[in-house]
Amino acid sequence: MYLASVQEDPEVRQFALDKLVQLEMRLRNYNQSPYDMDVSGNVAAAAASSKVHEALLMDVPKERLPQIASSLGKEYLSTAPGDQCDWPLRGFLYGMNYRPMLVCPVRTKLANIWVVFLVDTGAPCSSVSGQVLEILVGPGGFVDLHTKVRINGVLIDVAKSQGNHEDIHLLGADYLGKVNAQLTCNYNNRSMLLAQQEETSDDE
């Protein structure tokens, strides 16, 4: 099911316009791409930079996440029965900017919940919101870039989402590389498929 785009929803359109104004003001002070890694190629150091975290997500308001999850047959932030869905993961291209969105379980020792992710090949590190981190590790339990979670059964460190996407959860290049992912998008019917090309091992 294809959800209403920014053009079709006046409230979302106004939200996007407000974010665009804020973003333009911030970008005037930038001298590099929001997704640049540091000069050494260190992804962790790059993720600690506010510039890296300024993803251009004006068209995915947090209020839409429960609806996105529901359209994929899950209840947002509810308890998942297991820590892994069968590969490949299926989702759809959301909104006027064709954002690849999917839902999958995220697990720690404290919780195992359904989380909606934007698949973002331009983000060096995966991240989740502060709200989700509190559910997964408890208040004050988060350590930036060193909080381990299992995203669809795969162990990975996550950052805390910041800036213009502080309420949005990203599957970044670190996760996609670890699972040797293959992302397929069909712009005709707005479907997407994230396949795992081979098994991975945990680096614990």
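Residues numbered from 1 in each chain as written. Predicted model: local features only at pLDDT ≥ 70, side-chain atom pairs only at ≥ 80, totals over all residues. Heavy atoms only, no water.

Engineer: Give me the overall build of the protein: which residues, what numbers.
Structural biologist: Broken down by element type, the protein carries six helices and nine strands. Residue burial in the protein is summarised as follows: out of 204 residues, 46% are buried. A sequence separation of at least 24 residues applies to 64% of the contacts in the protein between residues at least 6 apart. (Helix = DSSP H or I, 4+ residues; strand = E, 2+ residues; numbered from the N terminus. Buried < 20%, exposed > 50% of the residue type's maximum accessible area, 1.4 Å probe, protein only. Contact = heavy atoms within 4.5 Å.)

Engineer: Could you give an account of unusual backbone geometry, naming the residues involved and the relevant values?
Structural biologist: The bulk of non-glycine residues show a negative phi, and the bulk of peptide bonds are trans. Backbone torsion omega between Trp87 and Pro88 reads 0 degrees, so that peptide bond is classified as cis. With respect to the element layout, Pro88 can be found in the loop between α4 (65-71) and β1 (89-94). One non-glycine residue, Leu77, adopts positive backbone phi at about 65 degrees. Tracing the sequence through the fold places Leu77 in the loop between α4 and β1.

Engineer: Can you tell me about the packing of aromatic side chains, naming the residues and giving the values?
Structural biologist: The tally for this structure, following the rule as stated, stands at one aromatic pair. Between the aromatic rings of Tyr98 and Tyr187, the centroid separation amounts to 5.1 Å while the plane-to-plane angle is 50 degrees, which identifies the pairing as tilted. Taken together, the residues Tyr98 in the loop between β1 and β2 (99-107) and Tyr187 in the loop between β8 (181-186) and β9 (191-196) connect sequence positions 89 residues apart. Judged by its relative accessible area of 30%, Tyr98 is partly exposed. (Phe/Tyr/Trp six-rings, centres within 6.5 Å; stacked < 30°, edge-to-face > 60°.)

Engineer: Mind laying out the nonpolar core, listing which residues take part and the relevant values?
Structural biologist: Counting 44 residues, the largest nonpolar core has Leu102, Phe117, Ile151 and Tyr175 as its most contacted members. Ignoring any residue separated from it by four or fewer positions in sequence, one finds Tyr175 in contact with Trp87, Ser126, Ile151, Asn152, Val154 and Ile156. (Core = buried A, V, L, I, M, F, W, Y, C linked by side-chain atoms within 4.5 Å.)

Engineer: Break down the confidence of the model for the protein for me, citing the residues and quoting the values.
Structural biologist: Low-pLDDT stretches of the model should not have their predicted coordinates read in fine detail. The pLDDT averaged across the protein works out to 78; a share of 66% of its residues lies at or above 70. Here residues 27-55 is modelled with pLDDT under 50, and outside its nearest four sequence neighbours on either side it reaches 43 contacts, counting other chains as well. (pLDDT = per-residue confidence, 0-100.)

Engineer: If you had to explain the pairing of β8 to someone new, which residues and values would you point to?
Structural biologist: Where β8 meets β9, six bridges bridge the pair, whose relative direction is antiparallel. Paired with Cys185 across the bridge in β9 is Met192. As consecutive antiparallel partners, β8 and β9 are separated by four residues, and within that stretch Arg190 has a phi angle of approximately 60 degrees, a positive value. (Pairing = 2+ DSSP bridges.)

Engineer: Break down helix α5 (residues 130-137) for me, citing the residues and quoting the values.
Structural biologist: Residues Val132, Leu133 and Leu136 constitute the buried set of α5. Axial view of α5: buried residues confined to an arc of 100 degrees, hence all on one face. Those residues of α5 that are buried are in contact with β2, β3 (112-119), β4 (127-128), β5 (147-151), β6 (154-160) and β7 (169-171). (Arc of directions from axis to C-beta.)

Engineer: Requested: an account of the pattern of salt bridges, with residues and values cited.
Structural biologist: Side-chain pairs of opposite charge can arise where the charged atoms are in close proximity. With the rule as written, the count across this model stands at two salt bridges. Salt-bridge contacts for Arg107 lead to Asp83; the nearest nitrogen and oxygen are separated by 3.1 Å. Of this pair, Arg107 sits in strand β2 while Asp83 sits in the loop between α4 and β1; the two residues are 24 residues apart in sequence, bridging distant segments of the chain. The exposure class of Arg107 is partly exposed, given its relative accessible area of 29%. In this structure, the salt-bridge partner of Asp157 is Lys148, at a minimum N-O distance of 3.2 Å. (Salt bridge = Lys/Arg side-chain N within 4 Å of Asp/Glu carboxyl O.)

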